[in-house]
Amino acid sequence: MPISSREAVSTRSGPPSNPPSGPPEPAAGIDPAESLSAELFEKIKTIQIRTQRTVNEVFAGEYESAFRGRGMEFEEVREYQPGDDIRHIDWNVTARMGLPYVKVHREERELTVMLLVDVSSSGTFGSGTKTKNEVAAEVAALLAYTAIRSNDRVGLIIFSDQIEHYIPPKKGRAHVWRVIRDILTHRPQRSGTNLEVALEYLGHVARRRVVGFLISDFLDDGWADRLRLAARRHDLTAVLVSDRREEELPRIGILELEDAETGETLVVDTRDRRVVEGLERLVHEEDEQRSQAFRSAGVGEVSIHASDESYVDSLIRYFHQRERRR
């Protein structure tokens with residue numbers, strides 16, 4: 001029964017021996033439908049249609065309220081109207097015209113959004129109808145469409161324990177189609193997870209501040225310091241994709257667990273209360289340590305259960321929390 005490395009409670013694969021020193025060349029432009037099976041094409045099209053509907057109906061306004069532009073730009077001076085903030089009165093123009101005039105500003109809306117998507121082998125687990133990697137791909141698609149609808153640019157970093165694929169930020173629906181296609185069709189070259197490599201790479205390709213979504217199950221160690229450094233420059237949100245079965249073992253007796261990333265196995269008796277309570281305690285401690293690392297770095301956290309929870313609801317709750325904190 002292949003399951004995630006968290007369930008196996010075993011050592012995880014280490015960092016790549018030779019991580020890439022610089023950005024890989026972006027893939028050449030390809031017709032979206034080229035080389036795709038009919039089944040995969042329909043799957044991508046379904047995600048596209050469902051995502052567009054969600055964005056148009058409930059999502060875009062929440063996103064724009066939660067993630068503001070880089071600042072305010074002066075647009076014009078106009079005559080004062082009842083209800084205008086008197087702090088915006090332009091006293092020089094008011095003196096010349098003999099009537100009160102106010103300065104009008106508009107938000108500089110355009111942002112650059114970077115999606116960092118973990119495709120390691122632990123994401124191939126799923127106790128429901130979808131694996132964690134499939135849910136991660138849909139979340140990335142939703143965020144990409146939302147950003148494009150708000151006239152933001154979107155880029156993609158796919159990683160395992162190395163950088164596997166990179167798409168530079170651009171605008172447009174065709175670009176989002178490519179982002180979704182590349183996430184769904186990508187075949188990982190490695191099985192492990194190295195969040196440090198992904199965060200370091202973000203620093204290489206994003207010199208200016210970006211809004212970054214790190215989508216992963218976070219089954220890795222030693223990434224807290226690198227996350228803290230990345231968050232000093234960028235506005236980062238950690239999107240944790242997990243599965244309920246990773247927190248609760250079924251009471252079915254002897255069970256062999258396999259670490260999807262390392263291949264190590266562990267045999268446990270799930271009828272033994274000490275075993276079950278030990279696992280639950282370990283999971284709780286890991287959750288607390290991870291959340292503390294996010295808070296310490298000033299990084300937002302969204303928790304999504306692949307097995308039984310709507311990721312749209314989870315994201316909207318997070319956006320509301322961000323807006324209230326402003």
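Residues numbered from 1 in each chain as written. Predicted model: local features only at pLDDT ≥ 70, side-chain atom pairs only at ≥ 80, totals over all residues. Heavy atoms only, no water.

What follows covers empty space enclosed by the protein. All chains considered together, the criterion is met by two cavities of 30 Å³ or more. Its volume calculated, the largest cavity comes out at about 60 Å³. In terms of lining, the largest cavity is formed by Asp 118, Ser 120, Gly 123, Lys 132, Asn 133, Ala 136, Ile 215, Ser 216, Asp 217 and Val 241. By residue number, the principal contributor to the lining of the largest cavity is helix H4 (residues 132-149), which donates three residues. Taken together, the residues of the lining of the largest cavity break down into three nonpolar, four polar and three charged. (1 Å grid on protein atoms, 1.4 Å probe; cavity = no way out; pocket = protein on both sides within 12 Å on 5 of 7 lines; lining within 4 Å. Points joined across faces, edges and corners; volume = space filled by probe spheres on them. Helix = DSSP H or I, 4+ residues; strand = E, 2+ residues; numbered from the N terminus. Nonpolar A, V, L, I, M, F, W, Y, C, P; charged D, E, K, R; others polar.)

Within the open sheet, the six strands sit side by side as S6-S5-S4-S7-S8-S11. Their pairing is mixed. Sheet topology places strand S6 (163-170) and strand S11 (300-305) at the edges, where each strand pairs with a single neighbour. Averaged over all neighbouring strand pairs, the angle between strand axes comes to 15°, with direction disregarded. (Pairing = 2+ DSSP bridges. Axes fitted to C-alpha atoms, helices over the stretch in contact; angles between N-to-C directions.)

Counting buried residues along strand S7 (residues 211-216), six of its six residues qualify, which places the element largely inside the surrounding structure. Of the two faces of S7, the one carrying Val 211, Phe 213 and Ile 215 and the one carrying Gly 212, Leu 214 and Ser 216 are both buried. Here strand S4 (residues 112-118) runs beside S7; their pairing, made up of five bridges, is parallel. What sits directly across from Leu 116, in S7, is Leu 214. Pairing of S7 with strand S8 (residues 235-242) involves six bridges; the strand directions are parallel. Each bridged residue has a counterpart across the sheet, and for Ser 216 the counterpart in S8 is Leu 240. (Buried < 20%, exposed > 50% of the residue type's maximum accessible area, 1.4 Å probe, protein only.)

A separate point is the side chain of Ser 216. Positionally, Ser 216 belongs in strand S7. By relative accessible area, which is 3% here, Ser 216 ends up buried. Non-local contacts of Ser 216, meaning those with residues more than four positions away in its chain, are made with Asp 118, Leu 195, Val 239, Leu 240 and Val 241. (Contact = heavy atoms within 4.5 Å.)

Using the criterion set out here, one finds nine aromatic pairs in the structure. Between Phe 67 and Phe 213, the aromatic rings sit 5.6 Å apart at their centres with planes inclined by 65°, giving edge-to-face as the arrangement. Pair noted here: Phe 67 is in the loop between helix H2 (38-66) and strand S2 (71-79) and Phe 213 is in strand S7, with a separation of 146 residues, a long-range link. You can call Phe 67 buried: its relative accessible area is 1%. (Phe/Tyr/Trp six-rings, centres within 6.5 Å; stacked < 30°, edge-to-face > 60°.)

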